[in-house]
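The chain contents come next:
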Amino acid sequence: MDLRQDGAAKVGLGSVVGAGLLGLGLYASTSADWAGALGGGLVVAATFAAAGAGVGFLFGIPRLLTSGAAARPDDLSATSTGSYSPNTNLEQVSDWLTKILLGAGLTQIGSLPGLLRDLGRSLAPVVGNGPGASAFAAALTVYFTVIGFLGGWLLTRLRLAKALSTADRQTLDDSVRQTVARARELNFSTAEVEKLFATQTEGLQVQALALLQGDPDPENYHLILRAVSSELPPFVLLQALLAARAAVEHGGLGEEQRRELRFVVENKLRNDRAVPPDSRRRVVAGQILKLLAVVPEQSRGGPEVTAPVR
């Protein structure tokens, strides 16, 4: 949801809350003890809004997609998004409670009108006990329960998923940095790196490419070329481009390999969906092309010159 939709949702929800509070104020003004009726009504509204928000939170908790990196890049069985496995207990409780609430609600739907009448009679003294107090109290509870549910669900959907994704992404970034720093120490063979990348698990592919960043080796050139030319998720593609940049900076690529890599990177840059104009992927791809434009000394035997990038 973009910022305009987010703002519209907040304005709409705020307007509905304001309309309910206005109705409560107008009703309280007809009571002899208007202050008590208004205060009691606000407490009732806040209580049921909070209860509705709690249920909305349970319904809005996002599901975890376990496709990230393992803390140890040699652990092929790991599927967490970073150096830990996210605790999904809250997600499971949310799923159970949601099913229980739906089941209980459906079985008791026939008795709902009677329950609302009893609730209205119980809360009538709280809102002033004036004419129609019972019906007003029942309506007040339904109104603010629904508002609370929608507010809790919207805030959970708009904020919680983004916050969890940001936290997991930061953890994955930390894991990648650790792998890059320890790549030479881990001493993975070319076959082992290829095995990691061939798992088709996003996190393990990221770790394989992080190993290539930390320990560039011309023997892994074919894997880097395949990764850059493949259709990969954005973060995995970024790691592939960083691995390609590290390989070019390290040297050792032949002229044919440099031409192949230039062709693949240029072709990737033509795909705005894979490499958006304002993305870091495009920046790294541009850096690779600039590095490839410098003719290696061993291939020409003279001082370095810069060839134009086609």
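For the structure, see preceding data.
The following refers to the structure shown. On a predicted model such as this, the values are computed, not experimentally measured, just so you know. (Residues numbered from 1 in each chain as written. Predicted model: local features only at pLDDT ≥ 70, side-chain atom pairs only at ≥ 80, totals over all residues. Heavy atoms only, no water.)

Quick notes on the overall build of the chain
Defined as follows: Under the scheme used here, helices are H or I runs from DSSP no shorter than 4 residues and strands are E runs no shorter than 2 residues, and both carry numbers assigned from the N terminus. Whether two residues are in contact is decided by their heavy atoms: any pair within 4.5 Å suffices. Here, Shrake-Rupley sampling with a 1.4 Å probe gives the accessible areas, and only protein chains in the shown set may cover a residue.
Per the secondary structure count, the chain includes 12 helices and zero strands. Taken from N to C terminus, the helices and strands of the chain fall in the order α-α-α-α-α-α-α-α-α-α-α-α. Pairs at least 24 apart in sequence give 69% of the contacts found in the chain among residues at least 6 apart. Total accessible area on the chain stands at roughly 17300 Å², and carbon and sulfur atoms take up 61% of it.

Some points on the packing of aromatic side chains
This is how it is decided: Only centres within 6.5 Å qualify two rings of Phe, Tyr or Trp (six-membered ring in Trp) as a pair; their planes then separate them into stacked at under 30 degrees, edge-to-face at over 60, and tilted for everything else. Buried residues are those whose accessible area, probed at 1.4 Å on protein chains only, stays under 20% of the maximum for their type, while exposed residues exceed 50% and partly exposed ones sit between those limits.
Counted according to the given criterion, the structure contains two aromatic pairs. With centroids separated by 4.1 Å and ring planes inclined at 10°, the aromatic side chains of Tyr-27 and Phe-136 adopt a geometry described as stacked. You can see Tyr-27 sitting in helix α1 (residues 3-29) and its partner Phe-136 sitting in helix α5 (residues 133-181), a full 109 residues away along the chain. Phe-136 shares its class with Tyr-27; the two are buried. Judged by centre distance (5.4 Å) and plane angle (70°), the rings of Tyr-143 and Phe-144 are edge-to-face.

Structural notes on the nonpolar core
For the record, the criterion: To form a nonpolar core, buried Ala, Val, Leu, Ile, Met, Phe, Trp, Tyr and Cys residues must be joined to one another through side-chain atoms within 4.5 Å.
Judged by nonpolar contacts, the single largest core of 44 residues is most densely connected at Val-228, Leu-261, Val-265 and Ile-288. Among the elements of the structure, α5, α7 (190-197), α8 (202-214), α9 (221-229), α10 (234-250), α11 (255-269) and α12 (280-292) are those that each provide at least two residues to this core. At 11 residues, α10 tops the list of elements feeding residues into this core. Residues within four places of Val-265 in sequence aside, it is in contact with Val-228, Ala-285, Ile-288 and Leu-289.

Some words on the environment of Val-43
Topologically, Val-43 is positioned in helix α2 (residues 34-60). Its relative accessible area of 53% is what places Val-43 among the exposed residues. Sequence-wise, Val-43 and Val-126 are 83 residues apart; in three dimensions their C-alpha atoms are separated by 9.0 Å.

Quick word on the side chain of Arg-281
To keep things clear, this is the line we draw: A residue counts as positive if it is Lys or Arg and as negative if it is Asp or Glu; His and the chain ends are not included. Think of a salt bridge as a Lys or Arg side-chain nitrogen and an Asp or Glu carboxyl oxygen that are within 4 Å of each other.
Mapped onto the fold, Arg-281 is located in helix α12. For the buried Arg-281, which has no salt bridge, the nearest side chain bearing the opposite charge is Asp-278, at an N-O separation of 7.1 Å. Setting aside anything within four residues of it in sequence, one finds Arg-281 in contact with Pro-234, Leu-237, Leu-238, Leu-241, Arg-273, Ala-274, Val-275 and Pro-276.

Note that every value here comes from positions in space, so none of it alone points to a role or purpose.
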